[in-house]
Amino acid sequence: MSNNFALTICGGLFVSFITILLCEFRKYSYNKMDCEALMFQQALELYKHLYLMHRNIEEYLDKPDIIIPDDFLGYHLPIVRQYIAAIQNIDYIRIFQKNLLVDRHQYFCKKIKQWFAISLMEGCLNVAICKAKIKNPLGNNIVKSKDIAEVLEANCRYIIKFLEQTDRYLETLDECCDKRFGWEEEKDNM
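First things first, this report covers the structure right here in the doc.

The rules behind each value
Just so you know, the residues in each chain are numbered from 1, in the order the chain's sequence is written. In keeping with the model being predicted, local features are shown solely for residues with a pLDDT of at least 70 and side-chain atom pairs are shown and tallied solely at 80 or more, while totals for entire chains, interfaces and linings include all residues. Derived side-chain values reflect all non-hydrogen atoms in the structure, with water molecules and hydrogen atoms excluded from consideration. In DSSP terms, a helix is any run of H or I states spanning at least four residues, a strand is any run of E spanning at least two, and both are numbered starting from the N terminus. Here the globule rule reads 2.2 Å times residues to the power 0.38, and the radius of gyration is calculated from C-alpha atoms. Residue exposure (1.4 Å probe, protein chains only): buried if accessible area is under 20% of the type maximum, exposed if over 50%, otherwise partly exposed. Contacts were defined at the residue level, with two residues in contact if any of their heavy atoms lie within 4.5 Å. Reported accessibility uses the Shrake-Rupley method at a 1.4 Å probe radius. Residues are deemed covered only where the shown protein chains occlude them. Counting rule for charge: Lys and Arg are taken as positive, Asp and Glu as negative, and neither His nor the chain ends is counted. To locate a charge, the coordinates of NZ of Lys, CZ of Arg, CG of Asp or CD of Glu are taken. Orientation is described by lines fitted to C-alpha atoms, with helices fitted over the stretch in contact, and by angles between N-to-C directions that extend from 0 to 180 degrees. For this classification, under 35 degrees means roughly parallel, over 145 means roughly antiparallel, 65 to 115 means roughly perpendicular, and everything else is oblique. Helix crossings are classified by the rotation of the near helix relative to the far one: an anticlockwise turn of less than a right angle makes the crossing left-handed, while a clockwise turn makes it right-handed. Classes in brief: Ala, Val, Leu, Ile, Met, Phe, Trp, Tyr, Cys and Pro nonpolar; Asp, Glu, Lys and Arg charged; the others, Gly included, polar. Centres within 6.5 Å are what make two rings of Phe, Tyr or Trp a pair, Trp counting through its six-membered ring; a difference in plane orientation under 30 degrees is then read as stacked, over 60 as edge-to-face, and the rest as tilted. Patches were defined on residues exceeding 30% relative accessible area and lacking a salt bridge, with like-charge contacts within 9 Å and nonpolar side-chain contacts (Val, Leu, Ile, Met, Phe, Trp, Tyr) within 5 Å. Salt-bridge detection follows one rule: a side-chain nitrogen of Lys or Arg within 4 Å of a carboxyl oxygen of Asp or Glu. Side-chain atoms within 4.5 Å are what join buried Ala, Val, Leu, Ile, Met, Phe, Trp, Tyr and Cys residues into a set we call a nonpolar core.

## Side note on the overall build of the protein chain
Okay, so step 1: The number of helices and strands found in the protein chain is 6 helices and 0 strands.
Okay, so step 2: Reading the secondary structure of the protein chain in the N-to-C direction produces α-α-α-α-α-α.
Okay, so step 3: In terms of C-alpha radius of gyration, the protein chain reaches 25 Å, well past the compact-globule figure of 16 Å for 190 residues.
Okay, so step 4: A buried classification covers 36% of the 190 residues belonging to the protein chain.
Okay, so step 5: Taking all contacts inside the protein chain whose residues are at least 6 apart in sequence as the whole, residues at least 24 apart take part in 77%.
Okay, so step 6: Accessible surface for the protein chain amounts to roughly 11900 Å². Of this, 56% is attributable to carbon and sulfur atoms.
Okay, so step 7: Taken together, the 24 basic and 26 acidic charged side chains of the protein chain have centroids lying 5 Å from each other.

Spelled out as structure tokens, the structure:
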């Protein structure tokens, strides 16, 4: 009778251990998928705002007589800052193996502020707008895009570089997740 009791206890412990291990593994898998989805969503929103900033600047460069508002990129810059911080705060580490996505995410988070010098862009743009207002012979505080074309072109180059890096990050994320997010279709729809 004691052998049956010991066998029952040991069997129960073993089954409980296996059940808990499988539950934790399942929880890890779900959390990993949620984290990847969050990374993709944050990077996608960042890409969208960068793309809109790029399109706005191109529109102003294409039409030199358009009046530029004082707060030209003021709507997008705080949002871009938010998404940059959100992406940097995602701690993505895999338990079993280090893969391309882990490396790319860590690299992207480390270099993100260098690629997109928001304060530099915002400062240069504000200074250029103020200088153009001072130089305006009519004194009416109207700044046209041709007055600050050089600064707009420099900002456009910054944004293009950052768009390219964000695109690579999203491509890597989509490839490592077996094309689950459909990045190419998303990009084509913009």
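## Points about the packing of helix 3 (residues 100–115) against helix 5 (residues 149–176)
Okay, so step 1: Two numbers describe how helix 3 lies on helix 5: the axes approach to 10 Å, and their chain directions differ by 165°. Judged by the inter-axis angle, helix 3 sits roughly antiparallel to helix 5. As helix 3 runs across helix 5, the sense of the crossing is left-handed. On helix 5, the residues touching Leu100, Leu101, Arg104, His105, Phe108, Ile112 and Trp115 of helix 3 are Tyr158, Phe162, Gln165, Thr166, Arg168, Tyr169, Thr172, Leu173 and Cys176.
Okay, so step 2: Counted by class, the contact of helix 3 with helix 5 contains 10 nonpolar, 4 polar and 2 charged residues.

## Focus: the packing of aromatic side chains
Okay, so step 1: One pass over the full model with this rule turns up 5 aromatic pairs.
Okay, so step 2: Ring geometry for Phe40 and Trp183: centres 6.4 Å apart, planes at 80°, overall edge-to-face. You can see Phe40 sitting in helix 1 (residues 2–62) and its partner Trp183 sitting in helix 6 (residues 183–189), a full 143 residues away along the chain. Each member of the pair, Phe40 together with Trp183, is buried.
Okay, so step 3: Look at Phe108 and Tyr169: their rings are 4.2 Å apart centre to centre, the planes differ by 10°, and that puts the pair in the stacked class. Of the two residues, Phe108 sits in helix 3 while Tyr169 sits in helix 5, which places them 61 residues apart along the sequence.
Okay, so step 4: For Tyr169, a relative accessible area of 0% puts it in the buried group.
Okay, so step 5: In textbook terms, an aromatic cluster arises when at least three aromatic residues are bridged by ring pairs, as seen for Phe40, Tyr47, Phe181 and Trp183.

## Some remarks on a nonpolar patch on the surface
Okay, so step 1: Residues Phe14, Val15, Phe17, Ile18, Leu21 and Leu22 make up a contiguous nonpolar surface patch of roughly 610 Å² in combined accessible area.
Okay, so step 2: By the secondary structure assignment, Ile18 is in helix 1.
Okay, so step 3: Judged by relative accessible area, which is 33%, Ile18 ranks as partly exposed.

## Some details on the nonpolar core
The nonpolar side chains of soluble globular proteins are, as a tendency, buried together.
Okay, so step 1: Counting 45 residues, the largest nonpolar core has Leu46 and Ile148 as the members making the most contacts within it.
Okay, so step 2: Tallying contributions element by element places helix 1 first for this core, with 11 residues.
Okay, so step 3: Those residues in contact with Leu46 that sit more than four places away from it in its chain are Val80, Tyr83, Ile84, Ile87, Phe108, Ile112, Phe162 and Thr166.

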